[in-house]
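# Structural overview
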Amino acid sequence: MRHITKSYYVNEIPVIEIIDANLEDKAAPLAIFYHGFTGSKDSSMTFGNEIAKRGFRVIMPDAQHHGERRKYGVDLNVNGILFFEALMSNVKEFPEIVHFYRSKELIKDDFIAVAGMSMGGMTTSLILKANKEVNVAVVLMGSPQQIKFNDWIVNQYVSHGGEVDQLAPNAKTIYEYMTEYFKKYDLGLDPQAINQRPLLFWHSKQDPVVPYIYAEEFVEAAKNIPEGKYVYLKPDDQGAHKVPFIEMARMGEFISAAYNEEVENVYEVAEENFNKLWG
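The sections below set out a description of the structure shown in this document. (Residues numbered from 1 in each chain as written. Predicted model: local features only at pLDDT ≥ 70, side-chain atom pairs only at ≥ 80, totals over all residues. Heavy atoms only, no water.)

## A short note on the pairing of strand S1 (residues 3–10)
Each regular strand carries side chains that alternate between the two faces of the sheet. The pairing of S1 with strand S2 (residues 13–20) spans eight bridges and is antiparallel. Its bridge partner being in S2, Lys-6 is matched across the sheet by Glu-17. (Pairing = 2+ DSSP bridges. Helix = DSSP H or I, 4+ residues; strand = E, 2+ residues; numbered from the N terminus.)

## Notes on helix H2 (residues 81–103)
An ideal rise of 1.5 Å per residue puts 33 Å on 23 residues; H2 measures up with 34 Å between its terminal C-alpha atoms. Taken as a whole, H2 carries its principal kink of about 35 degrees at Glu-93; the proline Pro-95 stands between one and four residues after it. Just past H2, the residue Glu-105 takes up positive phi, approximately 55 degrees. (Expected span 1.5 Å × (residues − 1). Bend = angle between axes of the 7 residues up to and from the residue.)

## Some words on the packing of aromatic side chains
The tally for this structure, following the rule as stated, stands at 16 aromatic pairs. Look at Phe-100 and Tyr-101: their rings are 4.9 Å apart centre to centre, the planes differ by 80 degrees, and that puts the pair in the edge-to-face class. The two residues Phe-100 and Tyr-101 agree in class, both being buried. Judged by centre distance (4.3 Å) and plane angle (15 degrees), the rings of Tyr-232 and Tyr-267 are stacked. With Tyr-232 in strand S8 (residues 231–236) and Tyr-267 in helix H8 (residues 266–278), this pair connects stretches of sequence that are 35 residues apart. (Phe/Tyr/Trp six-rings, centres within 6.5 Å; stacked < 30°, edge-to-face > 60°. Buried < 20%, exposed > 50% of the residue type's maximum accessible area, 1.4 Å probe, protein only.)

## Observations concerning unusual backbone geometry
Residues other than glycine seldom take positive phi values, yet Thr-38 does so here, at roughly 75 degrees. Relative to the helices and strands, Thr-38 is located in the loop between strand S3 (28–34) and helix H1 (45–52). Even without glycine at this site, Glu-105 takes up a positive phi of about 55 degrees. Counting through the fold element by element, Glu-105 comes out in the loop between H2 and strand S5 (107–117).

## A closer look at the environment of Glu-217
Structurally, Glu-217 is set in helix H6 (residues 213–222). A relative accessible area of 33% places Glu-217 in the partly exposed class. Along the primary structure Glu-217 and Met-141 are separated by 76 residues, whereas in three dimensions their C-alpha atoms are 14 Å apart. Not counting the four nearest positions on each side in its chain, Glu-217 is found in contact with Gln-145 and Lys-148. (Contact = heavy atoms within 4.5 Å.)

## Remarks on the side chain of Arg-54
In this fold, Arg-54 is placed in the loop between H1 and strand S4 (57–61). The class of Arg-54 is buried, set by a relative accessible area of 17%. Looking at Arg-54, its side chain comes within polar contact range of the main-chain oxygen of Glu-50, at 2.4 Å. Setting aside chain neighbours within four positions, we find Arg-54 in contact with Ala-249, Gly-252, Glu-253, Ser-256 and Leu-277. (Polar contact = N/O pair within 3.5 Å; in protein donor to acceptor, adjacent residues only side chain to side chain.)

## A look at the pairing of S3
Within S3, seven of the seven residues are buried, which leaves the element mostly enclosed by the surrounding structure. When S3 meets S5, the two strands line up parallel, connected through six bridges. Paired with Tyr-34 across the two strands is Gly-116, which belongs to S5. In terms of handedness, the path from S3 via H1 over to S4 forms a crossover that is right-handed. (Right-handed = clockwise from strand over helix to strand, strands pointing away.)

## Section: the sheet that holds S5
Strand order in the open sheet made by the eight strands is S1-S2-S4-S3-S5-S6-S7-S8, with mixed pairing throughout. This sheet does not close on itself; its edge strands, each paired only once, are S1 and S8. Strand-to-strand, the axes of this sheet are offset by a mean angle of 15 degrees, without reference to chain direction. Seen against the sheet, helix H3 (residues 119–130) touches S3, S5, strand S6 (136–140) and strand S7 (199–204) and runs at an angle of roughly 135 degrees to S5. (Axes fitted to C-alpha atoms, helices over the stretch in contact; angles between N-to-C directions.)

## Things to note about the packing of H1 against helix H7 (residues 245–260)
Geometry of a packed helix pair, given as the angle between the helix axes and the separation of the axes. Running from N to C, H1 and H7 point in directions that differ by 35 degrees, and their axes come no closer than 8 Å. Remark: the crossing between H1 and H7 carries right-handed chirality. In this structure, H1 contributes Thr-46, Phe-47, Glu-50 and Ile-51 to the contact, and H7 contributes Phe-245, Met-248, Ala-249, Met-251, Gly-252 and Ile-255. (Left-handed = near helix turned anticlockwise from the far one by under 90°.)

## Regarding a nonpolar patch on the surface
A cluster of nonpolar residues, Phe-245, Ile-246, Leu-277 and Trp-278, forms a patch on the protein surface that exposes about 380 Å² of accessible area. Mapping Trp-278 onto the fold places it in helix H8. A relative accessible area of 39% places Trp-278 in the partly exposed class. (Patch = residues over 30% accessible without salt bridge, like charges linked within 9 Å, V, L, I, M, F, W, Y side chains within 5 Å. Areas by Shrake-Rupley, 256 points an atom, 1.4 Å probe, with all protein chains shown as cover. Salt bridge = Lys/Arg side-chain N within 4 Å of Asp/Glu carboxyl O.)

## Regarding the packing of H2 against H3
Here H2 crosses H3 at 45 degrees, and the two axes come no closer than 10 Å. Considering their axes alone, H2 and H3 lie oblique with respect to each other. Between H2 and H3 lies a crossing of right-handed hand. Contacts from Phe-83, Ala-86, Leu-87, Asn-90, Val-91 and Phe-94 of H2 reach H3 at Met-119, Met-122, Thr-123, Leu-126 and Ile-127. (Parallel < 35°, antiparallel > 145°, perpendicular 65-115°, else oblique.)

Distances and angles like these do not, on their own, reveal function.
Listed below in structure tokens is the structure:
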């Protein structure tokens, strides 16, 4: 199987597309993968390949302030507000990306998968809450409880001697606005929005950047409601804030099974296929 990789713009959004050469101009199930904070579409290639090799058209956009959209001299690690702006922009731009491919009749069976790592995993949860058209989602070391995570970031900063307004000019006012904004999209506040769609989390228990507890709490609560029937968590006792390659493969198998199998069989089939590859 030979893949074609193309860089171009969806409206003004820089993206990379990975697609089987035989499907280049044909409809294929669509998967959108979101990178992490300080990353880029280019840093997501290995993730994208694992989905594309299973017959998907994979689109990897640059988040606002990242990759091609990063302005000269801007330090993402200094201005913490840019993290929240990137999340908000990802959510806003998702429908634009979907519309672009739908208008060209390039989405087979109207099937849409969303996945991401770290900040991209949080993006995935926000998008799942906001968009009923998403069929399956995979969150790699991202918090589905956005407001709790946002508060944790700020509290970490303050506990080390900083003040909120040092994050950026007018940061306190901006943060209060963003908290209200995220209430509309926080999956942790409305797990019923999962609506029995397949949703897989992978997270290291030792993650020092995005605490594991937010995924664990969410999945435990979701499993107690009918809408969360197909939510799964794969914890990792080892590791830190880094996704092992084998978990990229697991992601690919889960998305593929969601497209090819009945919803109640997705996890079992995905794990069976994964174990054939990795034992």
